[in-house]
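Coordinates in review
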Amino acid sequence: MWEKLMQSELTSNTDRTKYRLTPAVGMLLVVLLIAMIFRVHRISDMSFWFDESFCLKMAEFPISDLWVHAKEDPHPPLFYFILKYWMMLFGSSTLATRLASFIPGILSIIGIFLVVKEAYRDPQTGNCSSSVNSAAVVAAALVALSPLHILWSYQVRMYAAGTALAAFSSWFLLKVLRREPSRKRDWYFFTMTAIALVYTHNFGLFVVTAQYLFAAGYLLLHHRAASLLQAGSRLMPLLISATGTLLAWLPWLPSFLHQRQLVVEGFWTKPFSWQTAGATLFDMFGFDQAMDMTPVIGLIAGQIMVLILLLLAFGRRPGDYFLALIAGFPFVAGILVSIFSRNIFNDRYFMFNQIFLFAALAVLISRISLKPIQFCLYGICIAGTGFLAYEQWLNREADFKLPAIQGAMASIEERRKPGELLLVCDPAIYVSVIAHARERGDIFTFHPGEDYPFTHGAAAMREDEYLRSQEIAQRRDPWIWAFDADSYRWRVPVPPGYRLVGENSFPGFRAKYAVRLYSRATEVTAKPNSN
């Protein structure tokens, strides 16, 4: 009786201490505040660019059509469904839509903090040492200040959401493996977040594969079973989880294979080489914010990354193996796919596992016994990443001053009268044009007669949003507004019988755009002050 009461009181006290404001949690709150400042800067002022506008356009399709259109894009569909309902609830303004990435970006920071604490929590007491708490805070700070993670936390894409899912699925997995007795609800949460991850981005498959490999090894080796029956009993929840994840993903498999073929035949990346790999790593660590592209620096950073993961793995703790595997496996898989198939080695695809690399670095430094050296290395890592984040801030200020598509559309809508035709040179530009248009009437994309490749955003287009040369000639519009992308040499081929009467240039942070006004010969005098 007394033992039960004492155990109950101990559990109650333990539960209360879990949720008190510890110094580590206090430092995390400071980190989150800094992260928010970097992420909200100009969040509603910058023009949408193609990748964002594509997502917004995809989210406009009815649910029944969205699955079909998503097959023609090289990404799974979950983010588009989430964005669709998000826009139904909060609207389609620049701020509202970008919050769909801002919130997961903040959650990613919280997630990696929880992962480090769970990976190295004392299994007997449930507490974390001061060095573990320090590593958790530093890992969170590195994610908070990473230019790559800042960038995709204020852009309407699936990368921040995928990173948050990678962090929290790992946290749930570690909870169910490291805590005794394990809770069924943690298996449920892990399985659901793993399914969500593979439906958010195809690189999530690498992360989830690494998670299940670690779980299998941990259950087989860390808890050595006396018999085959005991081993099967321990593995059963894992097998059920893996089976559930696989069965949930199987309906998407035909679409995935179709997407893979699209990528193999026409992805925009250059063939894989150490030069392109170095450039990717250079961008991934944010060096592009402060210096010109130097692939050698990226390769050096990659070698340091490998050394960090190897040194950590030599620690031979479950948490060490977990971080090394989750951080390293997607890189290895990405390199192998890029060598033997199409190059998919892209900086933003590695966001999902880069957070675990930051955690590995923080944990490794936390084990240095000399505190002055430890704090010095912490300071160098945080200050260096913070410097790159500040440079990104300055670059964003410069980009903000460019009119881009938002400025071009404001200029057009001041002068364009209702019913006048606006032709856009390419679907990749069209999706951004309509994202910034107050009225979409008589805005079309020129169709050259051949289907646009998927890399131009063709999956987001409806057939009635195209105009072909014959249809343009039949309309006999007195005025044609053309929206061109001069940086890419994409230009609307205006039919014979029209002549250029005015043009304006609108530089943007991704490309240089031009708005041109054409008139039929009999209408030249009807549009004064066209430029």
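Residue numbers run consecutively from 1 along every chain, following the written order of its sequence. Totals for whole chains, interfaces and linings use all residues, but because this is a predicted model, local features are given only for residues with pLDDT of at least 70 and pairs of side-chain atoms are given and counted only at 80 or more. Side-chain calculation: all heavy atoms of the structure are included, whereas hydrogens and water are not.

Below, the discussion takes up the sheet that holds strand β2 (residues 443–447). In this analysis, strands are considered paired if DSSP registers two or more bridges between them. The way it works is that DSSP assigns letters per residue, a run of H or I at least four long becomes a helix, a run of E at least two long becomes a strand, and they are numbered from the N terminus. What the six strands build is an open sheet, ordered β3-β2-β1-β4-β6-β5; its pairing is mixed. Bordering the open sheet on either side are β3 (466–468) and β5 (498–507), each of which pairs with just one other strand. Neighbour-to-neighbour, the strand axes of this sheet turn through a mean angle of 30 degrees, independent of strand direction. Pairing of strand β4 (residues 479–485) with strand β6 (residues 512–520), which is carried by seven bridges, proceeds in the antiparallel orientation. The residue bridging Ala482 from the neighbouring strand is Arg516, located in β6. For helices, the axis comes from a line fit to the C-alpha atoms of the stretch in contact; other axes are also lines fit to C-alpha atoms, and the angle between any two N-to-C directions lies between 0 and 180 degrees.

Counting through the fold element by element, Ser53 comes out in helix α3 (residues 50–58). The residues touching Ser53, leaving out its near neighbours within four places in the chain, are Phe48, Val431, Ser432 and Ala435. Should any heavy atoms of two residues lie within 4.5 Å, those residues are considered in contact.

A few words now on the nonpolar core. Counting 128 residues, the largest nonpolar core has Ile109, Leu323 and Phe356 as its most contacted members. Filtering out sequence-adjacent residues up to four positions away, Leu323 remains in contact with Val115, Tyr120, Leu309, Leu312, Phe356, Ala359, Ala360 and Val363. Think of a nonpolar core as a cluster: buried Ala, Val, Leu, Ile, Met, Phe, Trp, Tyr and Cys residues, connected wherever their side-chain atoms sit within 4.5 Å. Exposure classes here rest on a 1.4 Å probe applied to the protein chains alone. A residue is buried below 20% of its type maximum, exposed above 50%, and partly exposed in between. Counting 37 residues, the second-largest nonpolar core is a separate cluster that includes Ile429, Met461, Tyr466 and Leu467.

The subject of this paragraph is the environment of Ile355. In this structure, Ile355 sits in helix α17 (residues 351–366). Residues Ile355 and Phe48, spaced 307 residues apart in sequence, show a C-alpha to C-alpha distance of 26 Å. Beyond its immediate stretch of four places on either side in the chain, Ile355 contacts Ile112, Val143, His149, Thr163 and Ala167.

The next thing to look at is the packing of aromatic side chains. A pair of aromatic rings is counted whenever rings of Phe, Tyr or Trp (Trp by its six-membered ring) have centres within 6.5 Å, and the orientation is called stacked for planes under 30 degrees apart, edge-to-face for over 60 and tilted otherwise. All chains considered together, the criterion is met by 30 aromatic pairs. Taken together, a centroid distance of 5.8 Å and an interplanar angle of 90 degrees make the contact between Phe38 and Trp393 edge-to-face. Here the residue Phe38 occupies a position in helix α2 (residues 23–40), and Trp393 occupies one in helix α18 (residues 371–400), the gap between them amounting to 355 residues. Aromatic side chains Phe172 and Phe189 sit 5.2 Å apart centroid to centroid with 35 degrees between the ring planes, which places their arrangement in the tilted category.

This brings us to unusual backbone geometry. The phi angle at Asp442 is positive, at roughly 60 degrees, despite the residue not being glycine. For Asp442, the position within the fold is in the loop between α20 (427–435) and β2. Look at Asp442 and you get partly exposed, because its relative accessible area is 26%. At Arg489, a residue that is not glycine, the phi angle is positive and equals roughly 60 degrees. For Arg489, the position within the fold is in the loop between β4 and β5. Given a relative accessible area of 79%, Arg489 falls into the exposed group.

A disulfide bridge is the covalent bond that connects two cysteines by way of their sulfur atoms. Note that a disulfide, as used here, is simply two cysteine sulfur atoms within 2.5 Å. Using the criterion set out here, one finds zero disulfides in the structure. Lacking any disulfide linkage, Cys55 is separated from the closest cysteine sulfur, that of Cys425, by 20 Å. Free cysteine Cys381: the closest other cysteine sulfur is in Cys376, separated by 9.6 Å. The class for Cys381 is buried, based on a relative accessible area of 18%.

If you trace the backbone, Asp73 turns up in the loop between α4 (63–70) and α5 (78–90). We note that Asp73 is buried and unpaired, the nearest opposite charge coming from Arg157 at a distance of 5.4 Å. At 2.6 Å, the side chain of Asp73 forms a polar contact with the side chain of Tyr80. The residues contacting Asp73, other than those within four sequence positions of it, are Phe54, Tyr80, Gln259 and Ala459. Asp and Glu are treated as the negative residues and Lys and Arg as the positive ones, with His and the ends of the chain left uncounted. Criterion for a salt bridge: a side-chain nitrogen of Lys or Arg within 4 Å of a carboxyl oxygen of Asp or Glu. Under this definition, polar contacts are N or O atom pairs within 3.5 Å; protein pairs additionally need one hydrogen-donor-capable and one acceptor-capable atom, and for neighbouring residues in sequence, both atoms have to be side-chain atoms.

Bringing helix α15 (residues 295–313) into the picture now. With 19 residues, α15 should reach 27 Å at 1.5 Å per residue; the first-to-last C-alpha distance of 27 Å fits that figure. Within α15 the residues assigned to the buried category are Pro295, Gly298, Ala301, Gly302, Met305, Ile308, Leu309 and Leu312. Taken down its axis, α15 places every buried residue within 125 degrees of arc, on the same side. For α15, the exposed residues set more than 90 degrees away from the buried face come down to Val296 and Gln303. Where α15 is buried, its residues contact α14 (274–284), α16 (318–340) and α17. Take the number of residues in a helix, subtract one, and multiply by 1.5 Å to get its expected span. The directions considered for the arc run from the helix axis to the C-beta atoms.

This next bit is on the pattern of salt bridges. Inspection of the entire model under this criterion finds 20 salt bridges. Between Glu52 and Arg98 there is a salt bridge, and its shortest N-O distance comes to 2.8 Å. Taken as a pair, Glu52 in helix α3 and Arg98 in helix α6 (residues 94–119) lie far apart in primary sequence, 46 residues in all. Arg98 gets classed as buried once you look at its relative accessible area, which sits at 1%.

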